[in-house]
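Spelled out from the first residue to the last, the chains are:
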Amino acid sequence: MADKIFPNWQAKNSELFSKHIITEQHSLHENELFSDEALARLIEKTPRSNYHVNTHDLVNISKSTWRDGEFGDLSGEQVLKAVRDGHIWINIQRPWEADKAYGDVLDQMFQEMQANVPSFTTMPDKNKMTILISSPKIKVFYHCDIPGQALWQIRGRKRVYIYPNSEPFLKNEEMEKIILGRIDEHDITYQEWYDDYAEILDLEPGTMSHWPINGPHRIENLDVMNVSLTTEHWNTDLRNHYAVRYANGLLRDSFGFKKLATPTSGFGLYARLALAGMHKISGLRKLKKMKYNVDFQVDPSQKIGFKDIPAYQLSK
Ligand SMILES: [Fe+2]
């Protein structure tokens, strides 16, 4: 067995886990798999279907200026140089498909979380890791994620704002629309005064944070390049929660219901599971293919780390 991922797990986090925002120390920032050299090789091995590279306007920081790009045929080192000096954000999805060693680490991460939190179980084939490699100062806008989610800092520093997962910060109607695939996770309402109610964490290398399901959050990289991981998971409670939201979305949209409960047990839950089941949600978020407008290529010789290219459509 490799070194422990959680060398000093705090007993209080076993009780707080998934119910409140927690931070815990981990050792993955010392793992060779996340060194610049290993990440450069991973970037080269990652197929087009398994990555995104994005940027946003430096002045008008909003979802409308978020753009998609490509690596072209750069070496991994060149891509990392563009991230270090430029203004881009890379997501490497399903890294275990390019290198099985990342899958082994992912398995160990969940095994240790489950060993430390007896009430925590997941559906192992749905556990996921995404590697985020991002430029100084870049931001991720206010959004929520659908599965259970944790953020693990490897290098650099980022400020994470995490908000309550309830009205008005997360509106039931908007959450249902996301689950029904009618709006995107980044389309939820955000107002600046929400920040007064946020918990603000400065993540350092070797810190992970986990928060209650769907908790809206936004991220600001501090003045340094960042390497981070996100993990995603599902379990029966989350699946039921998802199905209830899905069913409520149908009841509200298609049948005009207004005041809708979100039961976690009993008839209300089972009726909603049945309704959601009739709509075949068992694939959890296997929605239609997304289309991306790719209009830049990573370029370490440019100050911003990329150059414009003629736009083309990518669907994945
Ligand atoms: Fe997120």
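Residues numbered from 1 in each chain as written. Predicted model: local features only at pLDDT ≥ 70, side-chain atom pairs only at ≥ 80, totals over all residues.

## As for the domain arrangement of the chain
Inference 1: The domains assigned to the chain are domain 1 (18–233) and domain 2 (235–285).
Inference 2: If you average the C-alpha positions of domain 1 and of domain 2, the two centres end up 27 Å apart.
Inference 3: Opposite the 14 residues of domain 1 that make contact, domain 2 presents 10 residues.
Inference 4: Broken down by element, the side of domain 1 that touches domain 2 gets its largest block of residues, five residues, from helix H5 (residues 172–179). (Domains from an automatic or database assignment. Contact = placed C-beta atoms within 7 Å. Helix = DSSP H or I, 4+ residues; strand = E, 2+ residues; numbered from the N terminus.)

## Considerations on the pairing of strand S13 (residues 291–298)
Inference 1: Across three bridges, strand S3 (residues 67–70) lies against S13 in parallel orientation. Following the sheet pairing, Asp-68 is matched in S13 by Val-294.
Inference 2: With seven bridges connecting them, S13 and strand S14 (residues 306–315) associate as antiparallel partners. Along S14, the bridge assignment pairs Val-294 with Tyr-312. (Pairing = 2+ DSSP bridges.)

## Overview of the sheet that holds strand S8 (residues 158–162)
Inference 1: Here we have four strands laid out as an open sheet, ordered S6-S11-S8-S9, and antiparallel in their pairing. Two strands lie at the open edges of the sheet, namely strand S6 (139–143) and strand S9 (199–203), each paired on one side alone. Sheet twist, expressed as the mean angle between neighbouring strand axes with direction ignored, is 15°.
Inference 2: Note that S6 and strand S11 (residues 217–221) share three bridges and pair antiparallel. Bridging from a neighbouring strand, His-143 pairs with His-217 of S11. (Axes fitted to C-alpha atoms, helices over the stretch in contact; angles between N-to-C directions.)

## Quick look at the sheet that holds strand S12 (residues 226–233)
Inference 1: With respect to topology, 10 strands assemble into an open sheet ordered S1-S10-S7-S12-S5-S4-S2-S3-S13-S14, the strand pairing being mixed. The two strands at the open ends of the sheet, each matched to only one other strand, are strand S1 (22–25) and S14. Across the sheet, the axes of successive neighbouring strands diverge by a mean angle of 30°, strand direction being ignored.

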